[in-house]
Amino acid sequence: MAKLQNIVSTVKLCEKSIDLENIANSCENVTYNPRKFNAAIVRMKNPKATGLLFSSGRMVCTGTKRFIDNEIACENIRKLLEKTGVKNQKWKTCSYITL
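Since we're looking at a predicted model, the values are computed, not measured.

Points about the packing of aromatic side chains
Thinking step 1. Applying the stated rule across the entire model yields 1 aromatic pair.
Thinking step 2. Ring plane angle 70 degrees and centroid distance 6.2 Å describe the contact between F37 and F54, whose orientation is recorded as edge-to-face. Residue F37 is located in the loop between strand 2 (30-31) and strand 3 (40-44), and its partner F54 is located in the loop between strand 4 (49-53) and strand 5 (58-64); the two are separated by 17 residues in the primary sequence.

Observations concerning the nonpolar core
Thinking step 1. Counting residues in hydrophobic clusters, the biggest one holds 22 residues, and the most contacted among them are I23, V30, V42, L53, M59, I77 and L81.
Thinking step 2. Broken down by secondary-structure element, the contributors of at least two residues to this core are helix 1 (20-26), strand 3, strand 4, strand 5 and helix 2 (67-83).
Thinking step 3. Take this core: its biggest share by element is 5 residues, from helix 2.

Observations regarding a nonpolar patch on the surface
Thinking step 1. Taken together, the side chains of L4, F67 and Y96 define a hydrophobic patch exposed on the protein surface, amounting to about 250 Å² of accessible area.
Thinking step 2. Relative to the helices and strands, L4 is located in the segment before strand 1 (7-12).

About the cut-offs
- Note that residues are indexed from 1 along each chain, following the sequence as it is written.
- Per-residue local features are limited, in this predicted model, to residues with pLDDT of at least 70; the limit for side-chain atom pairs, both in listing and counting, is 80 or more; totals at the level of whole chains, interfaces and linings are taken over all residues.
- No hydrogens and no water enter the side-chain calculation; it runs on all heavy atoms of the structure.
- Any pair of Phe, Tyr and Trp rings, taking the six-membered ring for Trp, is counted once the centres come within 6.5 Å. Such a pair is stacked with planes under 30 degrees apart, edge-to-face with planes over 60 apart, and tilted for the rest.
- In this text, helices come from DSSP runs of H or I with a minimum length of four residues, and strands from runs of E with a minimum of two, each type numbered from the N-terminal end.
- Nonpolar core, defined: a set of buried Ala, Val, Leu, Ile, Met, Phe, Trp, Tyr and Cys residues in which side-chain atoms within 4.5 Å join the residues together.
- Note on classification: 1.4 Å probe, protein chains only; a residue is buried when its accessible area is under 20% of the maximum for its type, exposed when over 50%, partly exposed between these limits.
- Like-charged residues are merged into a patch within 9 Å and nonpolar side chains (Val, Leu, Ile, Met, Phe, Trp, Tyr) within 5 Å, provided each residue has over 30% relative accessible area and no salt bridge.
- Surface exposure here means Shrake-Rupley accessible area, sampled with a 1.4 Å probe, where a residue is shielded only by the protein chains that are shown.
- By definition, a salt bridge exists where a carboxyl oxygen of Asp or Glu is found within 4 Å of a side-chain nitrogen of Lys or Arg.

This is the structure in structure tokens:
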């Protein structure tokens, strides 16, 4: 039987576009270099996960091995965005991919 190695989820965080430069400047665990990659990279420690934030308001969250950890990571990133001024996020997980 195969062991679950990685869960990847796509999340729609908000309807409007978000300012990735502002988020990267406001948070220490966020990097953004649009010349290399067109998303801000959020590295979470607990649970260990990586979120890719796109200016469209979508996010890809990867790196967890349990569904509950993926949900917690998404919620932590949502709270982080709320602190930077991205408000009224009615986010929902659109899909999961398990590897």
